[in-house]
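Reading the structure
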Amino acid sequence: MSVITQNSEVLMHFAIKLEDGSVAESTQAMGKPAKFRMGDGSLTDNFEQCLLGLKAGDKSSFELAPEDAFGLPNPDNIHHVDLRKFGTDAPAEVGNIIAFAGPDGQDIPGVITAVAGDSVTVDFNHPLAGQRVTFDVEVVTIEN
């Protein structure tokens, strides 16, 4: 039976739980497992270390500190945008998540955290940055 190694392609279900036990994201809820390749940079090193050695069918749960999961909030990712840049299709209201065009043309989600006069504060940090999270994983298939 194959096990997850440093170069495996892995198909797995996962749930991300916050410290209060609430589920922030779940592939089970979406009805489709996630596929990724170990070592491609899409997961942190510590996350990958927790997966090494697991076999298809294995279930595991592990807790990651913020720096090993979604990182720590970066003050450079908080920007002030002119209120006139917002419209009725994407209103500048606190709590709204709006997609902004990044320099490479990819959409970058930003959370509006404040509106003061003509200035809108947008936080481009990952919504889970700075949070300790628990990952529940279930390995579906492994290709080495």
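Refer to the preceding data block for the structure.
Just so you know, these numbers come straight off a predicted model, no measurement behind them. (Residues numbered from 1 in each chain as written. Predicted model: local features only at pLDDT ≥ 70, side-chain atom pairs only at ≥ 80, totals over all residues. Heavy atoms only, no water.)

**Thoughts on the packing of aromatic side chains**
- Counted under the stated rule, the structure contains 7 aromatic pairs.
- When the centroid spacing of 5.3 Å and the interplanar angle of 80° are considered together, the rings of F47 and F62 count as edge-to-face. Here the residue F47 occupies a position in helix α2 (residues 45-51), and F62 occupies one in strand β4 (residues 59-64), the gap between them amounting to 15 residues. The exposure classification of F47 matches that of F62, with both residues buried. (Phe/Tyr/Trp six-rings, centres within 6.5 Å; stacked < 30°, edge-to-face > 60°. Helix = DSSP H or I, 4+ residues; strand = E, 2+ residues; numbered from the N terminus. Buried < 20%, exposed > 50% of the residue type's maximum accessible area, 1.4 Å probe, protein only.)

**Things to note about the pattern of salt bridges**
- What the rule picks out here adds up to 6 salt bridges.
- With a closest N to O distance of 3.6 Å, K35 and E9 form a salt bridge. Residue K35 is found in strand β3 (residues 34-37), and its partner E9 is found in strand β1 (residues 9-17); the two are separated by 26 residues along the sequence.
- Among the charged side chains, a network of salt bridges with common partners joins E9, K35 and R37. (Salt bridge = Lys/Arg side-chain N within 4 Å of Asp/Glu carboxyl O.)

**Here's the deal with the sheet that holds strand β6 (residues 97-101)**
- Spatially, β5-β8-β7-β6 is the arrangement adopted by the 4 strands of the open sheet, whose pairing is antiparallel. Each having just a single partner strand, β5 (78-82) and β6 make up the two edges of the open sheet. Averaged over all adjacent pairs, the angle separating strand axes in this sheet is 45°, with direction ignored.
- Of the strand pairs in this sheet, β6 and strand β7 (residues 107-116) are connected by 5 bridges, and their pairing is antiparallel. Looking at the pairing, A99 lines up with P109 of β7. (Pairing = 2+ DSSP bridges. Axes fitted to C-alpha atoms, helices over the stretch in contact; angles between N-to-C directions.)

**With respect to the nonpolar core**
- I4, M12, L51, F135 and V137 are the most contacted members of the largest nonpolar core, which has 19 residues in total.
- Looking at this core, the elements that each hand over two or more residues are β1, α2, β4 and β9 (133-143).
- Ranked by the residues each element gives to this core, the list is headed by β9, at 5 residues.
- Dropping the residues within four chain positions of it, V137 is found in contact with M12, H13, F14, L51, L54, D58, K59, S60 and F62.
- Counting 8 residues, the second-largest nonpolar core is a separate cluster that includes A92, F100, I112 and V122. (Core = buried A, V, L, I, M, F, W, Y, C linked by side-chain atoms within 4.5 Å. Contact = heavy atoms within 4.5 Å.)

**Side note on the side chain of E48**
- Inspection of the secondary structure puts E48 in helix α2.
- Lacking a salt bridge, the buried E48 has R37 as its closest oppositely charged neighbour, with an N-O distance of 9.8 Å.
- Once residues lying within four places of it in the same chain are set aside, the contact partners of E48 are R37, M38, G39, D40 and L43. (Lys, Arg positive; Asp, Glu negative; His and termini not counted.)

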